[in-house]
There are 2 protein chains.
Amino acid sequence: MKEIINLQHGGGGEETHKLLTNVIFKHLGNSVLNVKHDGAFLNLNGMLAFSTDSYVVSPIFFKGGNIGELAVNGTVNDLSMCGAEPKYLSLSFIIEEGFPMEDFEKVVLSIKKTAENAQVQIVTGDTKVVERGKGDKIYINTSGIGVVNPKADIKIQNIREKDVIFINAPIASHGMAIMSEREGLQFESDIVSDTRNLNFTVKKLIDTFGDKIHFLRDATRGGLASILHEIVSEIRLGIDLFEENIKVEDQVRSACEILGLDPVYVANEGVFACIADETIAGEVLAMLRSENPNASQIGSITSEHPSKIIMESAFGGKHVVHALAGEQLPRIC
Amino acid sequence: MKEIINLQHGGGGEETHKLLTNVIFKHLGNSVLNVKHDGAFLNLNGMLAFSTDSYVVSPIFFKGGNIGELAVNGTVNDLSMCGAEPKYLSLSFIIEEGFPMEDFEKVVLSIKKTAENAQVQIVTGDTKVVERGKGDKIYINTSGIGVVNPKADIKIQNIREKDVIFINAPIASHGMAIMSEREGLQFESDIVSDTRNLNFTVKKLIDTFGDKIHFLRDATRGGLASILHEIVSEIRLGIDLFEENIKVEDQVRSACEILGLDPVYVANEGVFACIADETIAGEVLAMLRSENPNASQIGSITSEHPSKIIMESAFGGKHVVHALAGEQLPRIC
């Protein structure tokens with residue numbers, strides 16, 4: 001019989017102990033986690049960044065990744081967007097009774113590998129089990145601590161008129177990978193989630209350009225349009241976008257068209273917007289392109305239409321990019 | 001019509017923005033949280049403690065508290081058990097579609113009040129919404145950062161033969177408050193959860209006794225017996241307990257008897273075990289009793305039966321306290 005997670009694994013007794021020993025400590029053990037205290041002891045100094053996210057993506061396994069990979073990269077990236085080097089993560093599971101042990105181990109192994117890639121340590125954690133029908137396989141919370149790069153000065157108030165806006169990669173791949181999986185769509189080439197850690201790219205940007213990098217934000221839930229809307233809603237400036245510079249992979253664009261979705265509202269897991277001083281525009285683009293040839297300058301900051309985002313199409317037409325109303329893609333991350 | 005949380009509140013668009021503005025920032029706003037970045041910026045130095053817990057208690061409202069209060073006190077207490085002064089919390093919700101907005105606001109207000117009592121700040125957060133039947137009203141993750149008291153040296157390796165073991169309060173109240181609620185039991189006097197913040201008590205202990213406080217652990221899931229088992233499983237020493245010193249309130253004991261539960265395995269939310277050098281036994285007890293007259297010295301560390309816990313009854317009989325096998329009380333925290 002296939003081993004499954006049951007309520008006893010969440011009871012705090014012997015079965016919990018076994019689950020921790022046989023899966024968590026076996027795969028994720030390190031000198032800090034192994035102390036097995038109620039919390040981890042960390043020696044850190046200076047300005048820190050602290051971030052949290054719960055991951056409820058469905059399905060939990062998809063092309064290009066799984067919920068465990070998302071949970072590590074997502075929090076690594078949130079810390080990176082603060083201009084920080086991510087160092088330590090916490091890891092908390094809410095598992096639905098009946099979840100196959102094999103799948104749990106697969107998720108944990110993926111967490112291990114993703115954390116190694118991003119050079120972060122899992123240092124503390126928690127495991128809860130809920131009854132069948134009170135969860136959905138597995139939900140994961142990761143919280144993280146990073147050390148802010150002393151050269152960084154990332155804040156929304158630093159955004160100025162004429163600043164340029166870049167994205168590091170084509171958009172909408174993660175959301176459409178999940179949707180294709182859910183809808184069972186078949187395309188000639190697979191659509192693969194773009195989940196990846198952005199910390200090393202951000203470190204390079206900040207080490208090189210320092211406080212000329214004014215703002216960073218990863219374009220996850222709600223997509224590129226939503227994070228740009230959050231930005232213009234906080235500052236008295238607007239954004240001009242150039243539609244043809246916002247790259248979307250062909251099969252992703254096809255999937256969006258079939259499902260009637262606008263790629264600018266579709267979630268990403270490895271795309272971030274970088275808002276930088278106009279004087280370094282060419283250098284920033286060159287650096288981003290050295291990692292991804294599809295990185296591009298998608299627009300700029302303007303004082304002409306405060307709090308509005310105007311998109312200019314390849315043919316010169318212009319339209320307002322509205323805030324996402326309603327729920328386009330539930331449980332995308 | 002009663003306002004409810006729906007999937008759109010988790011979509012990352014306008015509705016998410018409204019939920020955050022009208023509930024979260026309205027009640028929990030502070031100078032760090034209000035930056036609204038992907039993470040919080042914190043200026044901290046020295047040895048830090050970092051802890052995480054997800055709360056899935058059912059029912060979410062119970063006598064003496066609710067899931068929000070538990071989520072704050074639980075992580076505050078985990079940090080305290082590291083000898084740290086809790087400073088900052090993250091807060092992440094997984095809400096089931098259809099959860100009444102009124103209840104959500106009630107939980108958030110309770111979080112606010114509990115955080116104020118414990119003198120910690122909520123500095124970063126996340127909100128996800130899952131479909132009906134994929135969650136259970138609301139699950140909350142809190143992670144926290146504290147600064148380790150420079151006088152503290154709390155580690156399991158510091159536990160020595162003849163060390164004395166204290167608890168600060170009667171046991172089993174939280175678990176039985178939840179069970180009474182679930183089973184609809186009526187007692188002459190209400191059973192009330194013992195959820196409370198332990199950080200100030202711990203600070204007093206450490207400020208006064210320093211490294212003579214060898215170990216601290218709060219007796220949550222699995223109860224007092226389970227945390228003592230975790231301890232003896234990690235050290236080559238055993239524990240002697242005196243049954244009559246382990247206080248249980250009368251109505252809590254009655255409820256345990258009705259339900260056939262042994263109070264030593266029942267969850268607490270405001271009880272911790274303190275293991276201290278025998279030379280300060282009297283002083284520690286006096287300090288704990290100044291806060292709660294039912295604080296007591298429940299036992300001591302022995303080399304006579306390594307990895308075993310032996311309970312001596314009031315009549316001199318002795319029995320082994322076994323590790324909790326199976327799940328006694330699911331979703332107690």
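Residues numbered from 1 in each chain as written. Chains lettered and ligands numbered in written order. Predicted model: local features only at pLDDT ≥ 70, side-chain atom pairs only at ≥ 80, totals over all residues. Heavy atoms only, no water.

Please explain the overall build of chain A as it appears in this structure.
The helix and strand inventory of chain A stands at 8 helices and 13 strands. Relative to the globule expectation of 20 Å for 333 residues, the C-alpha radius of gyration of chain A, 21 Å, shows essentially globular dimensions. When the backbone C-alpha atoms are referred to their principal axes, chain A occupies close to 65 × 50 × 30 Å. Every one of the 333 residues in chain A was classed for burial, and the buried ones make up 61%. Taking contacts inside chain A between residues at least 6 apart in sequence as the whole, the part at least 24 apart equals 87%. Approximately 12,500 Å² of chain A is accessible, and the part contributed by carbon and sulfur atoms is 46%. Charged side chains of chain A number 31 positive and 45 negative; the gap between the two group centres comes to 3 Å. (Helix = DSSP H or I, 4+ residues; strand = E, 2+ residues; numbered from the N terminus. Rg over C-alpha atoms; globule rule 2.2 N^0.38 Å. Buried < 20%, exposed > 50% of the residue type's maximum accessible area, 1.4 Å probe, protein only. Contact = heavy atoms within 4.5 Å. Areas by Shrake-Rupley, 256 points an atom, 1.4 Å probe, with all protein chains shown as cover. Lys, Arg positive; Asp, Glu negative; His and termini not counted. Charge placed at Lys NZ, Arg CZ, Asp CG, Glu CD.)

Teacher, can you tell me more about the side chain of Arg331 of chain A here?
Note that Arg331 of chain A resides in the segment after strand S13 (318-320). Take Arg331 of chain A: its relative accessible area is 5%, and that puts it in the buried class. In this structure the side chain of Arg331 of chain A is engaged in a polar contact, spanning 2.8 Å, whose partner is the backbone oxygen of Val56 of chain A. Sequence-distant contacts of Arg331 of chain A, that is, excluding residues within four places in its chain, are made with Val56, Val57, Ser58, Asp136, Tyr139 and Arg182 of chain A together with Val129, Val130, Glu131 and Lys134 of chain B. (Polar contact = N/O pair within 3.5 Å; in protein donor to acceptor, adjacent residues only side chain to side chain.)

I tried to follow the interface of chain A and chain B on my own but got confused; where do I start?
Interfaces are often described in size by the accessible area the parts lose on coming together. With 75 residues of chain A in contact, the opposing surface of chain B contributes 75 residues. Interface area for chain A against chain B, summed over the two sides, is near 6,200 Å², with a carbon-plus-sulfur share of 54%. Considering only the side of chain A, the residues that lose the most area to chain B are Asp38, Phe50 and Arg221 of chain A, jointly responsible for 14% of the buried surface there. Summed over the shared surface of chain A and chain B, the number is 10 salt bridges. Among the ionic pairs, Glu131 of chain B bridges to Arg331 of chain A, the shortest N-O distance being 2.7 Å. (Buried area = accessible area lost by both parts, 1.4 Å probe. Salt bridge = Lys/Arg side-chain N within 4 Å of Asp/Glu carboxyl O.)

In this structure, what is going on with the domain arrangement of chain A? I would like to understand it.
Residue and element names in this part refer to chain A. Examined at the domain level, chain A breaks down into domain 1 (7-148) and domain 2 (156-320). Averaged C-alpha coordinates put domain 1 and domain 2 at centres separated by 28 Å. Listed by partner, the interface residues are 23 residues for domain 1 and 23 residues for domain 2. A combined buried area of about 1,800 Å² lies between domain 1 and domain 2, and 59% of that area is made up of carbon and sulfur atoms. (Domains from an automatic or database assignment.)

Just checking my understanding: could you explain the packing of aromatic side chains for this structure?
The description of two aromatic rings rests on the distance between their centres and on the angle between their planes. One pass over the structure, following the stated rule, counts 3 aromatic pairs over all chains. Ring geometry for Phe50 of chain A versus Phe50 of chain B: centroids 6.3 Å apart, planes at 80 degrees, classification edge-to-face. Taken together, the residues Phe50 of chain A in strand S1 (residues 40-55) and Phe50 of chain B in strand S1 (residues 40-55) connect one chain to another. Residue Phe50 of chain A is classed as buried on the basis of its relative accessible area of 0%. In this structure, Lys36 of chain A packs its charged tip against the face of Phe25 of chain A, placed 4.8 Å from the ring centre. (Phe/Tyr/Trp six-rings, centres within 6.5 Å; stacked < 30°, edge-to-face > 60°. Lys NZ or Arg CZ within 6 Å of the ring centre and 35° of its normal.)

When you look at a negative patch on the surface in this model, what are you seeing that I'm missing?
A cluster of acidic residues, Glu243, Glu244, Asp262 and Glu312 of chain A, forms a negative patch on the protein surface. The residue Glu244 of chain A is located in the loop between strand S9 (238-242) and helix H7 (250-259) in this model. (Patch = residues over 30% accessible without salt bridge, like charges linked within 9 Å, V, L, I, M, F, W, Y side chains within 5 Å.)

Help me understand the relation of the copies chain A and chain B, please; the structure alone is not making it clear to me.
Superposition of the two copies of the chain requires a rotation about an axis together with a shift along that axis. Expressed as a screw transformation, the operator carrying chain A onto chain B has a rotation angle of 180 degrees and an axial translation of 0.0 Å, and the superposed copies differ by an RMSD of 0.0 Å. What the superposition gives is, in effect, a two-fold axis relating one chain to the other. Both copies share a contact surface, since 100% of the interface residues of chain A are interface residues in chain B too. (Least-squares fit on C-alpha atoms with pLDDT ≥ 70 in both.)

Can you walk me through the environment of Phe41 of chain B in this structure?
All names here are of chain B. Within the secondary structure, Phe41 sits in strand S1. Residue Phe41 is classed as partly exposed on the basis of its relative accessible area of 24%. In this structure, the C-alpha to C-alpha distance between Phe41 and Thr124, residues 83 residues apart in sequence, is 9.3 Å.

Please clarify how the sheet that holds S9 of chain A should be interpreted in this entry.
Whenever strands of a sheet pair, they do so through backbone hydrogen bonds, lying parallel or antiparallel. All names here are of chain A. An order of S8-S10-S7-S11-S9-S12-S13 is seen for the 7 strands of this open sheet, with the pairing classed as mixed. Each edge of the open sheet is held by one strand with a lone partner, namely strand S8 (213-218) and S13. Between one strand and the next, the sheet's axes are offset by a mean angle of 25 degrees, whatever the strand orientation. The pairing of S9 with strand S11 (residues 296-302) spans 4 bridges and is antiparallel. For Leu241, the partnering residue across the bridge sits in S11 and is Gly299. Here helix H2 (residues 67-81) sits on the sheet and contacts S8 and strand S10 (272-276); the angle it forms with S8, its principal contact strand, is near 160 degrees. (Pairing = 2+ DSSP bridges. Axes fitted to C-alpha atoms, helices over the stretch in contact; angles between N-to-C directions.)

Got a minute to help me understand the sheet that holds strand S5 (residues 121-130) of chain B in this structure?
The 8 strands lie next to each other as S5(A)-S4(A)-S6(A)-S1(A)-S1(B)-S6(B)-S4(B)-S5(B), forming an open sheet whose pairing is mixed. Single-partner strands in this sheet number two, and they are strand S5 (121-130) of chain A together with S5 of chain B. Strand after strand, the sheet turns through a mean of 25 degrees between neighbouring axes, direction not considered. On top of the sheet, H2 of chain A reaches S1, strand S4 (84-96) and strand S6 (138-148) of chain A; it is set at about 30 degrees to S6 of chain A, its chief contact.

I would appreciate a short explanation of the pattern of salt bridges in the present structure.
Where charged atoms from two side chains of opposite charge come close, those side chains can pair. Applying the stated criterion across every chain, the model contains 31 salt bridges over all chains. In this structure, Asp53 of chain A engages Lys128 of chain B in a salt bridge whose closest nitrogen and oxygen atoms are separated by 3.5 Å. Residue Asp53 of chain A is located in strand S1, and its partner Lys128 of chain B is located in strand S5; the two belong to separate chains. Each member of the pair Asp53 of chain A and Lys128 of chain B is classed as buried. Asp190 of chain A is the salt-bridge partner of Lys63 of chain A, the closest N and O atoms lying 4.0 Å from each other. Note that Lys63 of chain A is positioned in the loop between strand S2 (61-62) and strand S3 (65-66) and Asp190 of chain A in the loop between helix H4 (173-183) and helix H5 (199-209), a separation of 127 residues in sequence.

It is not clear to me how the pairing of strand S8 (residues 213-218) of chain B should be interpreted in this structure. Could you clarify?
Every regular strand shows the same layout, with side chains that alternate between the two sheet faces. All names here are of chain B. Of all the 6 residues making up S8, 6 are buried; the element is thus mostly covered by neighbouring parts of the structure. Bridging between S8 and strand S10 (residues 272-276) involves 5 bridges; their strand directions are antiparallel. Looking across to S10, one finds that Asp218 is bridged to Phe272.

Help me understand the packing of helix H2 (residues 67-81) of chain B against helix H3 (residues 101-118) of chain B, please; the structure alone is not making it clear to me.
Packed helix pairs are specified by the crossing angle of their axes together with the interaxial distance, meaning the distance between the axes. Residues and elements named next belong to chain B. Orientation of H2 relative to H3, taken along the N-to-C sense of each, is 30 degrees, at an axis distance of 7 Å. Classified by the angle their axes make, H2 and H3 are roughly parallel. Helix-helix and strand crossings are classified by hand; for H2 and H3 the assignment is right-handed. For the pair H2 and H3, contact is made by Ile67, Gly68, Glu69, Val72, Asn73 and Val76 and by Val107, Ser110, Ile111, Thr114, Ala115 and Ala118, respectively. For the contact of H2 with H3, the residue count by class is 7 nonpolar, 4 polar and 1 charged. (Parallel < 35°, antiparallel > 145°, perpendicular 65-115°, else oblique. Left-handed = near helix turned anticlockwise from the far one by under 90°. Nonpolar A, V, L, I, M, F, W, Y, C, P; charged D, E, K, R; others polar.)

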